[in-house]
Structures are given as structure tokens and as C-alpha cells.
Amino acid sequence: MAITAGMVKELREMTGAGMMDCKKALSETNGDMDAAVEFLRKNGQAKAEKKAGRIAAEGIVKTVVKDDKVAAIVEVNSETDFVAKNDEFQGFVEAVANQVVDSEAADLDAFMAEAWEADTTKTVKDALVEKIAVIGENLNIRRFEKVAADNGVVVPYIHGGGRIGVLVVADTDVVNDEIKAALKNVAMQVAAMSPKYVSREEVSQDYLDHEKEILLAQAKKENPEKPENIIEKMIIGRLNKELKEICLLDQVYVQDSDLTVGKYVDKVAKENGANVKVTKFVRFETGEGIEKKVDDFAAEVAAQMGM
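Residues numbered from 1 in each chain as written. Predicted model: local features only at pLDDT ≥ 70, side-chain atom pairs only at ≥ 80, totals over all residues. Heavy atoms only, no water.

Engineer: Tell me about the overall build of the protein, and please be specific about residues and values.
Structural biologist: Along its length, the protein carries 12 helices and 8 strands. Seen along its three principal axes, the alpha-carbon backbone of the protein occupies a region of about 65 × 55 × 30 Å. The buried share of the protein, taken over its 307 residues, is 44%. Residue pairs in contact within the protein that sit at least 24 positions apart in sequence constitute 64% of those at least 6 positions apart. Surface summary for the protein: the accessible area is close to 16,000 Å², and the carbon and sulfur share equals 49%. Within the protein, the 56 negative side-chain charges are centred at a point lying 6 Å from the centre of the 41 positive side-chain charges. (Helix = DSSP H or I, 4+ residues; strand = E, 2+ residues; numbered from the N terminus. Buried < 20%, exposed > 50% of the residue type's maximum accessible area, 1.4 Å probe, protein only. Contact = heavy atoms within 4.5 Å. Areas by Shrake-Rupley, 256 points an atom, 1.4 Å probe, with all protein chains shown as cover. Lys, Arg positive; Asp, Glu negative; His and termini not counted. Charge placed at Lys NZ, Arg CZ, Asp CG, Glu CD.)

Engineer: Before we move on, can you summarise the packing of aromatic side chains with the specific residues and values?
Structural biologist: Any aromatic ring pair is given by two values, namely how distant the centres are and how the planes are angled relative to each other. Going through the model one piece at a time under the given rule, you end up with 4 aromatic pairs. Seen from their ring centres, phenylalanine 111 and phenylalanine 144 are 5.3 Å apart, and the 50 degrees between their planes marks the pair as tilted. Residue phenylalanine 111 is located in helix H6 (residues 108-113), and its partner phenylalanine 144 is located in strand S5 (residues 140-148); the two are separated by 33 residues in the primary sequence. With centroids separated by 5.9 Å and ring planes inclined at 70 degrees, the aromatic side chains of tyrosine 197 and tyrosine 207 adopt a geometry described as edge-to-face. Highlighted residues: tyrosine 197 in the loop between helix H8 (177-193) and helix H9 (205-222) and tyrosine 207 in helix H9, separated in sequence by 10 residues. With respect to class, tyrosine 197 is no different from tyrosine 207; both count as buried. We note arginine 143 situated over the ring of phenylalanine 284; from NZ or CZ to the ring centre the distance is 4.1 Å. (Phe/Tyr/Trp six-rings, centres within 6.5 Å; stacked < 30°, edge-to-face > 60°. Lys NZ or Arg CZ within 6 Å of the ring centre and 35° of its normal.)

Engineer: Go over empty space enclosed by the protein with me, naming the residues and quoting the values.
Structural biologist: Enumeration over the complete set of coordinates arrives at 1 cavity of 30 Å³ or more. By volume, the largest cavity is sized at about 30 Å³. Forming the walls of the largest cavity are Ile179, Ala182, Leu183, Val265, Val268, Ala269 and Val276. Among the elements of the structure, H8 and helix H11 (261-271) are those that each provide at least two residues to the lining of the largest cavity. Looking at the lining of the largest cavity, its residues break down into 7 nonpolar, no polar and no charged. (1 Å grid on protein atoms, 1.4 Å probe; cavity = no way out; pocket = protein on both sides within 12 Å on 5 of 7 lines; lining within 4 Å. Points joined across faces, edges and corners; volume = space filled by probe spheres on them. Nonpolar A, V, L, I, M, F, W, Y, C, P; charged D, E, K, R; others polar.)

Engineer: Talk me through the packing of helix H5 (residues 87-102) against helix H7 (residues 124-135); I want residue IDs and the actual numbers.
Structural biologist: Packing of H5 against H7 leaves a shortest axis separation of 11 Å and a crossing angle of 175 degrees. The orientation of H5 relative to H7 falls into the category roughly antiparallel. Residues Glu88, Phe89, Phe92 and Gln99 of H5 form the contact with H7, whose own contacting residues are Val124, Ala127, Leu128, Lys131, Val134 and Ile135. Of the residues that constitute the contact of H5 with H7, the class distribution is 7 nonpolar, 1 polar and 2 charged. (Axes fitted to C-alpha atoms, helices over the stretch in contact; angles between N-to-C directions. Parallel < 35°, antiparallel > 145°, perpendicular 65-115°, else oblique.)

Structure below.
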């Protein structure tokens, strides 16, 4: 299979590896992108998979919470940052978020087909098309999620004027200002540290087995002389370190490095005579996985690689 400059560019953005390493990985795997990522990771040229594509699209994330129990988070994109800061655009995104929190739509297609709450003669899609005409820039309702806390509370956090939005859901038998403040701190942690899971209990065995395979290949490449039992201990240590980074409750709490997030939540719960368990979080970052056009970048890559 012919390896193109565009393929090399995509793999480079996904892994952070060098151009020539990416070209070699694609050549070795016959252009299979997933296999090429694995190849780079096993050879230590990509320490961890990065999000596919740079965070470059404009727009904002908004959250809406009703009665501390039901909440929605939405991302709406615009072409420019100027429009993202426009009152007309921000008002539209808020209306979308308010509609989501009341909606029973299971996916974006169903949501776009719903009657628009502000004018039920139109659908959500119609309202979007009209807003595009008014603002004069392409807009996109990209994604949403709705959550509920049947036995506790939902707490939102918005960072950077809508660049990042987070919802944290917790089961708790006490809901007061102190508990809410603590959960907002947890939401800030999610915004800053971008965990993948709430706790280790959520991590699948398939994921663990896959990571062990990657770590084994790395360890053997770095330490070919070490015996198997030492390699096994190294893998366990590295896997535990990785889990502490990707599991929210195991992360070091950014506001007090003596505590993990889990211990911080337990501390606040004890101080308030409460039982508190973080059960879910949702984190949206504006433009996540969307890449703006970069003029002539592929040509630049091709020139450097003689393609």
C-alpha cells in the first residue's frame, strides 16, 4: 500500500512520534493506522496515544443543571473565536443546552429532529440553519450528554469561558454547600487532568491485557538482559502508575498533593457526616478531535521525507 504524506501527518498527530518513525511504522504495517500506533508504542516511540487531531475548532461548551439532579452538557462549534464570544451565538448555545436537559433524545439525529422549544413550528435543525444565516458563519451542534443523579447531586464546572465543560455525578445522603464545593473541586480536577475512568473498577480486563502487552514489549526492548520475573515486576509497577494517572479517584489531588482525589472526597464526606461516592463524570473540550485546515502542511511533510 502506498504511504501518503497525509497518512504520516495523521499518525504523527495521534502519537507525537517523528515523521520518519511514522513513515516506517506505516510501511511495516501496510498502512494500517491502528497497527502503526501499536508498532510505535511497542518500540517506545509513542509513550501514549494522543487524541486524533489537534484541538483547534472554535465554539463553546455549556452546561445546564436542574434541581441539582438532572444536567446536560453540549458542545456547539463555530468557525472563529470571534463568533464563539458573540452574545447571539452564546445565547443560542444556552438554548440548545436547556433543550437537551428537557429532551428524551437518545442521539444527535433524534435531537436535531425535535421541535425547537422557542418556536415549535421549527425543528432544532431548522433553528440551527436560521442561526447560521443570521451569524453568517457555519455552526455545528456537535455533541451532547444528559446525566441524572437519582440518589445524590450533579455539579457542573466550566473552564476558560467554555473551552472545557465538566459534569460530576455523585451519590450522597447529604447535599449541602460543602459537599457541592468539594464536587466542584473534583470537576476542576477532571478539567485539568482529563482522567478516562472514575475508578479502577471501571477499567476492563481487555484494556489491562492490552496495556500489559504494550508495556511488556517496551520493557523487553529497554532491558533485554533482565530476567522474566524482573520484567513482570516492572510491568506491574508501570501499569499501576498508569492507572493512577487515568483513574480519577487514584489521581493525586491537584490542590493538595498529600491526598488522592478519592481520599479528598472521603475527607470532606467525613467532615459532613455524609456518604459520598463519585459515580460518573463527563468532560467535553471544545474542538476535541477536530483539526482546522493547516495550509501546505502535508506538502511540507512530503518535502521533508522526499515523498
